[in-house]
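Structure at a glance
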Amino acid sequence: MTGRCVQVKTEEQIAAEQAWYGSEKVWLVHKDGFSLATVVKTEAGSLPEGKVKIKLEHDGTLLDVDEDDIEKANPPSYDRSEDLASLLYLNESSVMHSLRQRYGGNLIHSYAGPNMVVINPLSTPSMYSEKVMHMFKGCRREDSAPHIYSVAQSAYRNLLTTRQDQSIVLLGKSGSGKTTNCQHLVQYLVSIAGSTGKIFSAEKWQAVYTILEAFGNSSTSMNTNASRFSHVVSLDFDQAGQVASASIQTMLLEKLRVSRRPEAESTFNVFYYMMAGADSSLKTELHFNHLAENSAFGILPQSKPEDKQRSSQQFTKLQAAMKVLGISSEEQKALWLILGAVYHLGAAGATKVGRRQFARHEWAQKAAYLLGCTLEELSSSIFKHQAKGLQHSTSFRGGSDEAGQGDGSGSKVTALECLEAMASGLYSELFTLVISLINRALKSSQHSLCSLLIVDTPGFQNPRMAQQQRGATFEELCHNYTQERLQTLFHERTFVQELDRYKEENIELALDDIESSTSLSVAAIDQASTQALVRTLARTDEARGLLWLMEEEAVQPGGSEETLLERLFSYYGSAQGDNKGSNLLLRGEKPLLFLLGHSHGTDWVEYDTQGWLSHAKNNPAAQNAAMLLQDSQKKNISGLFMGRASGATVLSGSIAGLEGSSQLALRRATSMRKTFTTGVAAVKKRSLCIQVKLQVDALIDMVRRSRVHFVHCLLPKAEAVGGGGEPRVTHGESSDSGLMTLDVGLLRAQLRGSKLLDALRIYRQGYPDHMVFSEFRRRFDVLAPHLTKKHGRNYIVTDEKRAVEELLESLELEKSTYHMGLSRVFFRAGTLSRLEEQRDVQTRRNISLFQAACRGYLARQAFKKRKIQDLAIRCIQKNIKKNRGVKGWPWWKLFTTVRPLIEVQLTEEQIRGKDEEIQQLKQKLEKVEKERNELRLNTDRLESRITELSSELADERNTGESASQLLETETSERLRLEKDMKDLQAKFDSMNKQMESMEMEVMEARLIRASELNGEMDDDDTGGEWRLKYERAIREIEFTKKRLQQEFDDKLEVEQQNKRQLERRISDLQADNEESQRNVQQLKKKTQRLTSELQDTKLHLEGQQSRNHDLEKKQRKFDSELSAVQEEVQRERSLREKLAREKDVLSGDAFSLRQQLEDKDLEVCAINLKVDQLEAELQDLNSQESKDEASLAKVRKQLRDMEAKVKDQEEELDEQAGTIQMLEQAKLRLEMETERLRQTHSKEIESKDDEVEEIRQSCSKKLKQMEVQLEEEYDEKQKVLKERRELESKLMTAQDKVRGGDVEAEKRLRKDLKRTKALLADAQIMLDHIKNNAPSKREIAQLKNQLEESEFTCAAAVKARKSMEVEIEDLHVQMEDISKTKQALEEQLSRLQREKNDLQSRMEEDQEDLNELMKKHKAAVSQSAQNLAQISDLQAQLEEALKEKQEVQERIQALQSQLEFQEQSMVEKSLVSRQEAKNRELETKLEFEKTQVKRLESLVARLKENVEKLTEERDQRTSSENREKEQNKRLQRQIRDIKEETSELAKKEAEASRKKHELEMDIESLEAANQSLQADLKLAFKRIGDLQAAIEDEMESDDNEDLINSLQDMVTKYQKRQNRTQGDSDTDSELEDRVDGVKSWLSKSKGSAKNLSDDGSLKSSSPPGRRRYGFPGSDEEEEEEEKEEGGATPGSYYSKYRYSSHMKDDEREDTPYETTS
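Described below are features of the structure shown in this document. (Residues numbered from 1 in each chain as written. Predicted model: local features only at pLDDT ≥ 70, side-chain atom pairs only at ≥ 80, totals over all residues. Heavy atoms only, no water.)

**Quick look at unusual backbone geometry**
In this structure, asparagine 106 is a non-glycine residue whose phi angle is positive, near 65°. Structurally, asparagine 106 is set in the loop between α2 (92–104) and β6 (109–112). The phi dihedral of histidine 287 is positive, around 60°, even though this residue is not glycine. Among the structural elements, histidine 287 can be located in the loop between α8 (280–286) and α9 (305–324). Residue class for histidine 287 comes out partly exposed when judged on its relative accessible area of 27%. (Helix = DSSP H or I, 4+ residues; strand = E, 2+ residues; numbered from the N terminus. Buried < 20%, exposed > 50% of the residue type's maximum accessible area, 1.4 Å probe, protein only.)

**Focus: the packing of helix α12 (residues 375–383) against helix α20 (residues 620–630)**
The angle between the axes and the distance between the axes are what describe a pair of packed helices. Running from amino to carboxyl end, α12 crosses α20 at an angle of 145°, the nearest separation of the two axes being 8 Å. Of the residues in α20, those in contact with Leu378, Ser381 and Ile382 of α12 are Ala621, Asn624 and Leu628. (Axes fitted to C-alpha atoms, helices over the stretch in contact; angles between N-to-C directions. Contact = heavy atoms within 4.5 Å.)

**Quick look at the sheet that holds strand β21 (residues 818–820)**
Taken in spatial order, the 3 strands make up an open sheet running β20-β22-β21, and their pairing is antiparallel. Two strands close off the open sheet at either side, each with one partner strand: β20 (769–772) and β21. With strand direction ignored, the average angle separating the axes of adjacent strands in the sheet is 20°. (Pairing = 2+ DSSP bridges.)

**Concerning the sheet that holds strand β16 (residues 603–608)**
Across the sheet, 3 strands lie side by side as β14-β15-β16; this open sheet has antiparallel pairing. Since the sheet does not close on itself, it has two edges, and those belong to β14 (585–587) and β16, each with one partner. Along the sheet, successive strands turn relative to each other by an average axial angle of 25°, direction set aside. When β14 meets strand β15 (residues 593–598), the two strands line up antiparallel, connected through 3 bridges. Pairing of leucine 585 across the sheet is with leucine 596, part of β15.

**Quick notes on the pattern of salt bridges**
Under the definition given, this model contains 46 salt bridges. The residue aspartate 697 makes a salt bridge to lysine 693 at a minimum N-O spacing of 2.7 Å. Of this pair, aspartate 697 and lysine 693 both sit in helix α24 (residues 688–704), 4 residues apart, roughly one helical turn. With respect to class, aspartate 697 is no different from lysine 693; both count as buried. Linked by salt bridges that have partners in common, Arg228, Glu254, Arg257, Glu265, Arg470 and Glu476 make up one network. (Salt bridge = Lys/Arg side-chain N within 4 Å of Asp/Glu carboxyl O.)

**Here we look at a positive patch on the surface**
Judged by side-chain charge, Lys1529, Arg1530, Arg1533, Arg1536 and Lys1539 come together as a positively charged surface patch. Here arginine 1530 lies in helix α36 (residues 1470–1591). (Patch = residues over 30% accessible without salt bridge, like charges linked within 9 Å, V, L, I, M, F, W, Y side chains within 5 Å. Areas by Shrake-Rupley, 256 points an atom, 1.4 Å probe, with all protein chains shown as cover. Lys, Arg positive; Asp, Glu negative; His and termini not counted. Charge placed at Lys NZ, Arg CZ, Asp CG, Glu CD.)

**Quick word on helix α25 (residues 744–754)**
Along α25, 8 of the 11 residues are buried, which leaves the element largely enclosed by surrounding structure. Residues of α25 that are buried: Val744, Leu746, Leu747, Arg748, Gln750, Leu751, Gly753 and Ser754. Close packing links the buried residues of α25 with β1 (25–30), β2 (33–39), α2, α15 (474–504), β19 (707–714) and α26 (756–765). Remark: lysine 755 follows α25 within two positions and exhibits a positive phi of approximately 55°.

Here you go:
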C-alpha cells in the first residue's frame, strides 16, 4: 500500500508494458488448465461470428476458438501481485496464474481483498520464526507482505482500536493446512501480545496442540494427520492488550471412530502412541504385555518399526506436554487406564447371535479392572437397557412413550453396537476431560475486555478425491455441513451485508447478479418444519432436512434408510433425475447412495446411508459410560469425573470446554446454552441428529457476534498430506520442483466453490471501508487544522454530514474514491488506509511539537529552579559569613548549646506518639485488607453463583417458554383434530343412512325381479310377447354397445394421434427451450465477461485519474514550497546583507581598537625608556654613593610616581587586553556566522544551480520547440518554392508547346516579313521619290512610324499593367505572409528576450553572489595577511621580549648586586621587593604573549583551511559561471540567428515595398505615355486623311498592292486594339471616322470589299503585324526574348519606345523599322 514506497519503472519495463499492451495477450481456457496466447487480427467477415483467431505462445499454433474460451491476460509485472484485487484484469485464469507463480516462488500467502488465501505447502517452509513474527509486530495490513501473521496482526490491531471481539475463520478442504495455520495464529498472538507474568508461553501452546493432535487427530485417506473435531480457541485480552485468559471449546468429535471407521483409515493417534511408547511398568499396569491378535474395534499395534519408533517419540512428547500443562501423574494415569479399557473392550468383542455378552471374557475382565468396576457392572452397563441413566434418553415430553420405544427398539440393537456405543461414550468422556484439563491450565482470574476467536474445523471430505470407491459416512457429512455453514457465513458477510448496507445508505452500485449462497445444500441437511415442536408419528408433506428426517425415521415403526432417501428426494430431488445444474441432490448409481453438491455444486460427494439411522437412536450404553466412570472404584478416575459432574462443562453431551471463571468465558457459555435452550432446541437438544445442527448453530452464533476475518486454505494437489504439513513424497519426485506444482483443475474448483472472484469483484467495485460521520470527523479532523482554527476548539457540529463534506474537500480526495451515504461515508479500497497513514504522520508531527513544547517548559522550569538555588546558595553563603562573625561570641555559644537540649524532650515525645499512631494504622490496614479479601472472595463466589443461577433461570425460562409454546401448539392441534373428527363422524352417519336406504332399494328390486321371472315361467302364453320384447331390447342393447364401442375406438384413435402430435410438439418446444436456455447462458456468460472487463477498465481509469489527481496535488505543493523557499532565500539575502553591514561596523571598531592598542604599546615603550633612564640615574646615584637623604627622598618620590604611572599603564593595558579579548570573541562569532552564512550560501548556490539547470533545460526545450517551428516554417517555405517551381516548369512546358505549335506559322510569318520588307523598301523608294516630288510623303512616313510606335507602346503598356497588377497581388499575399511570420518571430523574439533577461538577471544575481564571495574571499585573504602580519609582529615582540628578558635578567643580577650593596648600605628593602614583583609581572606577561602566539598560530592554520575551502568554492563557482557563460553564448548565438532572420525578412519586406512603389510609378508613367500616344494617334490619322488624297492616283497600279496590304494590316490591328480598349468612345470618334475612310479608300483602290470586311483574310494578309503590333502571342515572345537577351524589366519597354519616339526625323528616315528588327 500506501505505506510502501512506489518503485519508479525503468524504460525497459515501460517498453515491455507498452509492447504487452500493443499485442493483445489472452488466456485460452481448456480442460487441462489455461495457456497464454496472442489474438491475431483478421479481416472483418473472415471468421464466423463469435470466433477469434489466436496464436499460442509456447508453440506458435494458430487456432480458431470461441470468444467465451479466452480471457484477458495481465502484464508480466502482475504475475506475483501480492493482492489479487490489484490485478488489472480480474478473471479466473489470471488469478490462478498469479497464485501459481507465487506458489512456484515459495510465496504461499496472497491477499484477496480483505481475505487471505493460503496454498498449503507440501514442504515445511522456514517462514514461521520468531524473527518473522517481530517483523509484523505493530504493522498495518497495507504495510506488510501477505502472511498468516499479517491476518493475526490485523485482527489484533482492530481489537485494540475498536475494542470489539474479533474472529478468524479458516475455510478449505481436508489437508489444506487449516490446523497448522491455526497454530501459527495462536503462537503469533501469544508471542506478540504477551501476557501478565508470561503465563501464556509459546511452549504451553505447543503442548496444547500436541495433546489435541494426539487425542483428536487420526490418519484418513486425504490427510495423514487430520483433525476429527471442530474447536474454537478463545483468547481474552485485557485493557493493555495482553492475553488475560484463554480457553478451548470443542464440538463434533468423531467419537465413533474409536470403534468403527472407513476401510484403510486408523483410529485416534493416542492409541498407537500409548501401545508403542508405554514403559514396562505402565504396560504391566495396563495389561499391555500381551496384545490381542484381533480386535472388534480394529485397534492393532503398528507393524512397521519406523512407525513404532515415531509413535514412541510422540508418546514421550505427549507426556512432556501434559507435564507442561500441569497434569499430574495420577491424572495421566487415569487417562491411560480409560484408554487401556477401551482397547481391552475391543479385544473382548461381543457375540453376534444369541444372548448379548462378551465374546472373550478375559479381556473384558481386564477392561473392568482398569475402569475400577466389576465385570457384571460393566456387562450390565453395556448390554442391559434397564441400567442407570436410561431415563436420560427421554425428551421433554412423552417420556414414557419414548422409553417404551427405546425398549422396543432395544431388542433390535446388536451386542456389537452396544459395545461400540460404550467405547465411543468412554472416549467422548475422556476427550471432554482432556479439554477440561487444558482449560484448567489456561484459565486465569484476570479481568478481560474483549476476545479473539480462532475457528478450526475439519475440511471438506470427499473419498472420490482420494481415489476411493466408497461412499462418504455420516461423520463426513457433519464436517462438510459445518464447512457449508461457514461458507454461508462468508457469503452473508461478503455479499449480503454489503449490498444491504449500500441499499440502506442509498448507494447505487452496478454489480453483476450475485449467485445465491450455499443455502440449498444446507437446507437439504438441516431445514426444519414449522411443526417441529409437535411430536407426531404421521409423515407430513412439509419439506424438512436430512437430520430431521433421520430423527423421524428412527422413531417411526418400520423406518429405514430407503424410506429416508425417498422422503429426502421427494422434498429436494430433481424432476429430471440427472440434471446437476438445476438441483444439488441426485440419486446414486446404487441403492442407499445419494449425491450432494457442496460448494455451489463444484464438489459433488457421494454418501452411503447404510446404518445411518443407528446414529439417530439413543443407545443407553453410551450414556451409561459417564455413570460408570463416576462410580469407579479407582479414586483417580472417580475424582476427576465426580468433580466434573457438578459443573456444566459439557452441553448436552456435545460441546466441551465451557469452563472458565472470566466474564467473557461465562458470556460465551451463556450464549451457547441459550442456543440449546430456545425454541426447537429446548425440545430437540437430546436428539443425536439435531445436536449436530445445534452445535453448528452455536458456533456460527458465537462467530457472528464478532468481526470476522476469513482465511481460505487451498489444496495444491489431490494427495494425502502428512502431519504438520509434512509431505508424503512419492518415489522419484523432487522435493523442490515437483512439490511446487499445482493441480489447476483442483485449484479452479476450489476458487469457484469459495466465490473468491465474486468477492474480489465486489471489493474492487464497491466501497468496502466505511465510517460513521461523527467518528470519521473526530478521527481525521487532525488532517485539517485550518478547519479547527476556523471553527474553534469549542465548536459544536450541528450537521455532521456537511462537516465531513467540508473535511473531505479540504483533504482534496478524488471524487470517485468516496461516496457520502445517509449516515456514514464510504471509501474505495485503499483510500482509508492512505488517510490513516497521513493521520499517523500528522500525529507524529504533532507529538514531536508537543514534546518540544514540554521540553521547553521543563527547561524553563529547571532554569527557574537553578535561579532559586543560586539565590539560596547566596543566602547560605551570607548566613555562613554571618555565622563566622558571631562564632566566637559567648552568648551565641550558650544559645547553640542550650537549644538542642530543650528540643530533645519534645522530639522524643513526638516520635513515640507517631510510632503509636503508625502501629494503630497498621493494625487497621491489616484488618481492612483482611475484610476486603473476604469481601472480594464472597463477591466472586456470589457473582459466579449469580451467573450460574441466571443461566439456570434462563434455561428454565426458555424451557418454560418452549413448553408453553408446545402446549399451545398441541392444544390447537387437538382442537383442530376434534373438529375434524366431528365432521368425519357426521359424514360417516350420513353415509350409513344412505347405505341402508340403498340396500333396501336393492332388496326390493331383487324381489320384484324374482316375482316377474316366476310369473313368466308360470304363464307361457302370455310370456311370449314379453320374451320378444326382451330379446328385442337385448339386441338393441348389443347394437348400442357396438356402436358406442366403435365411437369410443374412433375417438380413442383420434385422441392418441392428438397426443402423439402434442408430444412431438412438446419435445420440439423442449428442444427449442433448451437451445434458447443454452444461448441465454452463453449470452449471460458473455455479458458477465464483458461487464467484468468493463468494470476492470473503469477501475483502471479511476486509478489513473486518482494518480493524476495526486500528481496535481504534488505539483501544487511543490509550487507553494518553491514560492516559500524563494521568499526564504530573499529573507536570507536581506539578513546576509544586514550581517555584512554589521560585520563592516565591527571590523571598523576592531581596527580603531587595534590602533588604540598600538598607541598604548608606544606609550608603554616610552615609559619603559623612562624607567631605564631612571634606573640609569639610580645606578649613577648608587655609583656616586651619595648619602644625601634629600636626594634619596626625591629619587624615591620620583620612583613612586613612576610606579603609579606604571600601574596606571598596566591597568590601561589590562583594559585593552579585555577589549582585545572581547574583539576576539566578536571575531570568533563573526567567523562562525560567516561559516554559517557560507554554508547557507553554498546551499543557496546549489539550489540556484538546480534552478539554473531547470531554466537551462526549459530554455533548451523552448529552443528545441522554436527550432522545430523554424524547421516546419522552412519546410513550408521550401514546399511553396517547390510548388512555384513546378508551376513555372508547367508554364514553360506550356510555352514550349505553344512555341512548337507556332513554328510553321513563324516560318510563314518570316517569309511574309521578308516580302513585306521588300515591298516596304520599294514603297520607301517610291515614298522617297514622292518625297522628292511632293513634301507630304515625309510627313506620311513620320506619321506611319509614330502610329506603329504608339500602337506597340500602348499594347506593351497594357500588358505591363496587367503583369504589374498580378505581381502586386502576389506581393500583397507575400507581404501578408511575411507580416504573419514577422509577428510570430517578433513574439518568439520577445519571449526569448524575456527569457534572456531572466537568465541575465539570474546571472547577475549569481555574479553578485560570486562577487560577494570573492569579496569575502579577498577579505579573508587580507584578514589572513593581517593575521600573518600580526603574527610576525608578535614574533618580533616576542624576540624583543626575550631580549628584554635577558636585559631584565641582567638588570636583576645588577639589582641583586645593588641590593646586596644597599643591604650593606642599609637601604630600605621595599624597592627590591617592588623590583621582584615587577620581574614576576614581566614573566607572566611573557607567558601570556606565548599563549597569544600559539592561539594566533592555530587561528592562522584555521584561516588557511578556510582560504583553501574558499578557493575551492571559487573554482567551482568559476566553472559553473563558465558553463553558464557558454550557455548564454549559445543562447545569444541563437538569438543573433533569429535576429538575422528577422532582419532578412525586414529587408525582403522593404524590397517588396520598394518594388511595389516602382511599379506604381511605372504604371503612372505608362498611363501618361498612353495619353500622349493617343494624341499622336489622332494627329497621325489626320495626316493619313491628307495622305489619301495625295496617293489615290498612284495606288491604281499593281505595284502598290503591298502598300495597300500593309495599310490594311494597320487598320485591322487598330480595330482589334480598339475592341480591347473600348473606353474612350467619345474622344476616338474622329479616329474611327478616319479609319473608316481609309478602309473605304482601300476597298475602292483594290476593288474587293471582301478583304476589307473579312478579318481572317486581313489577318492572313498581314502576318508581320502580329509580331509588331501587340498580339498576345507576340507580346509574350518579345518579352521572353528580351529576358533572354538582357533580362530587362517591364519598365524597359517604356524607356525603349520613349527613346525611339524622341529620335530625330532624319534617324527615323534612315531606320524606319528599328524597333521591330
